[in-house]
Amino acid sequence: SLNVGTPIKVMLFKKVESVEEGFEVVGSPAIIDYKYDGFRLQIHRSNNKFKLFTRNLEDVTMQFPDIIEIVKKDIKSKNYIIDCEVVGYDKDTKTWKPFQEISQRIKRKYGITEMIKEVPVMIFAFDLIGLNGKNLIDVPFKDRRGKLSRIINEAPFALSLAKKITTSSIEKGQKFYEEALRIGAEGVMMKNLEGIYKQIGRAHV
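In what follows, the accompanying structure is described.

Calculation notes
Residues numbered from 1 in each chain as written. Predicted model: local features only at pLDDT ≥ 70, side-chain atom pairs only at ≥ 80, totals over all residues. Heavy atoms only, no water. Axes fitted to C-alpha atoms, helices over the stretch in contact; angles between N-to-C directions. Helix = DSSP H or I, 4+ residues; strand = E, 2+ residues; numbered from the N terminus. Left-handed = near helix turned anticlockwise from the far one by under 90°. Contact = heavy atoms within 4.5 Å. Nonpolar A, V, L, I, M, F, W, Y, C, P; charged D, E, K, R; others polar. Salt bridge = Lys/Arg side-chain N within 4 Å of Asp/Glu carboxyl O. Buried < 20%, exposed > 50% of the residue type's maximum accessible area, 1.4 Å probe, protein only. Phe/Tyr/Trp six-rings, centres within 6.5 Å; stacked < 30°, edge-to-face > 60°. Core = buried A, V, L, I, M, F, W, Y, C linked by side-chain atoms within 4.5 Å. Pairing = 2+ DSSP bridges.

## Quick notes on the packing of helix α1 (residues 19-26) against helix α6 (residues 170-182)
Between two packed helices, both the angle of their axes relative to each other and the distance between the axes serve to describe the pair. Direction vectors running N to C along α1 and α6 enclose 115°, while the axes themselves pass 9 Å from each other. Considering only the axes of α1 and α6, their crossing is right-handed. Taken together, the residues of α6 that come into contact with α1 (itself represented by Val19, Glu20 and Phe23) are Ile170, Gly173, Gln174 and Tyr177. Looking at the contact of α1 with α6, its residues break down into four nonpolar, two polar and one charged.

## With respect to the pattern of salt bridges
The final tally for this structure, using the stated rule, is 11 salt bridges. Between Asp83 and Arg40 there is a salt bridge; the shortest N-O distance is 2.8 Å. Note that Asp83 is positioned in strand β5 (residues 79-88) and Arg40 in strand β3 (residues 39-46), a separation of 43 residues in sequence. Among the residues examined, Asp83 registers a relative accessible area of 0% and is labelled buried. The closest approach of N and O atoms between Glu179 and Lys163, which form a salt bridge, is 3.0 Å. Taken together, the residues span a long stretch of sequence, with Glu179 in helix α6 and Lys163 in the loop between β8 (159-161) and β9 (164-167) at a distance of 16 residues. The exposure class of Lys163 is partly exposed, given its relative accessible area of 42%.

## Things to note about the side chain of His44
Along the chain, His44 turns up in strand β3. Relative accessible area serves as the criterion here: at 1%, His44 is assigned to the buried category. What His44 contacts, discounting residues up to four positions off in sequence, is Asn3, Val4, Gly5, Thr6, Pro7, Lys49, Phe50, Lys51, Phe53, Tyr80 and Ile81.

## Describing unusual backbone geometry
Following Ser28, the chain continues into Pro29 via a peptide bond in cis, with omega recorded as 0°. Among the structural elements, Pro29 can be located in the loop between α1 and β2 (30-35). One non-glycine residue, Asn132, adopts positive backbone phi at about 50°. Here Asn132 lies in the loop between β6 (121-131) and β7 (134-135). Phi angles above zero are rare outside glycine, and Phe157 is one such case at about 60°. Structurally, Phe157 is set in the loop between α5 (141-151) and β8. Judged by relative accessible area, Phe157 falls into the partly exposed class, the value being 29%.

## Observations concerning the packing of aromatic side chains
All chains considered together, the criterion is met by seven aromatic pairs. Note on Tyr36 and Phe124: the rings are 3.9 Å apart at their centroids and 5° apart in plane angle, and the pair reads as stacked. Remark: Phe124 occurs in strand β6 and Tyr36 occurs in the loop between β2 and β3; sequence separation between them is 88 residues. No difference in accessibility class separates Tyr36 from Phe124, as the two residues are buried. When the ring of Tyr89 is compared with that of Phe157, the centres are 5.1 Å apart and the planes differ by 50°; the resulting orientation is tilted. Here Tyr89, found in the loop between β5 and α3 (99-107), pairs with Phe157, found in the loop between α5 and β8; they are 68 residues apart in sequence, far enough to count as distant.

## Focus: the nonpolar core
Of all hydrophobic cores here, the largest spans 34 residues; its most connected members are Leu41, Ile43, Ile67, Tyr80, Ile82 and Ile123. Of all the secondary structure elements, the ones that give two or more residues to this core are β3, β4 (49-54), α2 (65-74), β5, α3, β6, α5 and β8. Broken down by element, this core gets its largest block of residues, five residues, from β6. If we ignore the near neighbours within four places in the chain, the residues touching Tyr80 are Val4, Ile43, His44, Arg45, Phe50, Val71, Ile75, Leu128, Gly130 and Leu131.

## Describing the pairing of strand β10 (residues 187-192)
Within β10, five of the six residues are buried, which leaves it mostly tucked inside the rest of the structure. Of the pairings in the sheet, the one linking β2 to β10 comprises six bridges and is antiparallel in character. Bridging from a neighbouring strand, Asp33 pairs with Met189 of β10.

Shown next, in the form of C-alpha cells:
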C-alpha cells in the first residue's frame, strides 16, 4: 500500500559504463535525463501536511522549510508523492554547488534560517509516485512523467523538471550525456518508457 507521509524505499539504478550499455539494460527507446549532483528527496504532501525524506528514509522536513514553500507555490496539487533531486546553488553566480556543500543542511537542526540564506536550493523533479490518492508505482514511467509535467509550474532556481530526451540513438544519447557533464551534472539516468517504479530497467552513466 502507498500512504502519503510514509517513506518509500527509492528505486535505484544500475551503474553502466556507456550510453550503449545503458540501452542494453533499459531497452530502446529510452528516456534519458540529467543525473544532478545533489541529494535525492521524496516530497510528500497531504493537504497542508508535508514530509520530506532522503534516500535513506530520513525525515528532513524541519531542515528544509524553503522546499515546502517552493512546492506550495509551484505544484498544482495538494496530494502527491514526488521523487526529485535537490541541488544547492551560489546565490551570487547562480551556479550549482557540489553535493558536499549542501550536505551540511541535511544534518543541521539549528540555525535553519541562516543556512537557507547561505546555501539556497532548487528542486529537479523526475518521477511521480502518487497523485490525489492514486498509487502510481505500477504505472509506466512515461505516463508518470507526463502526469508530473502537468502539475508542475517551472520556476528558475526553485522548481524544474529534470531535463530529458527520449531517443533510440546512441549518438544523441552520448551528446546529451556530454552536455550534462559540461553544465555540471554527474551524468545521465536512462529509463525504460514502460518501467514501473520498482522495476529494474534503469541505468545511470
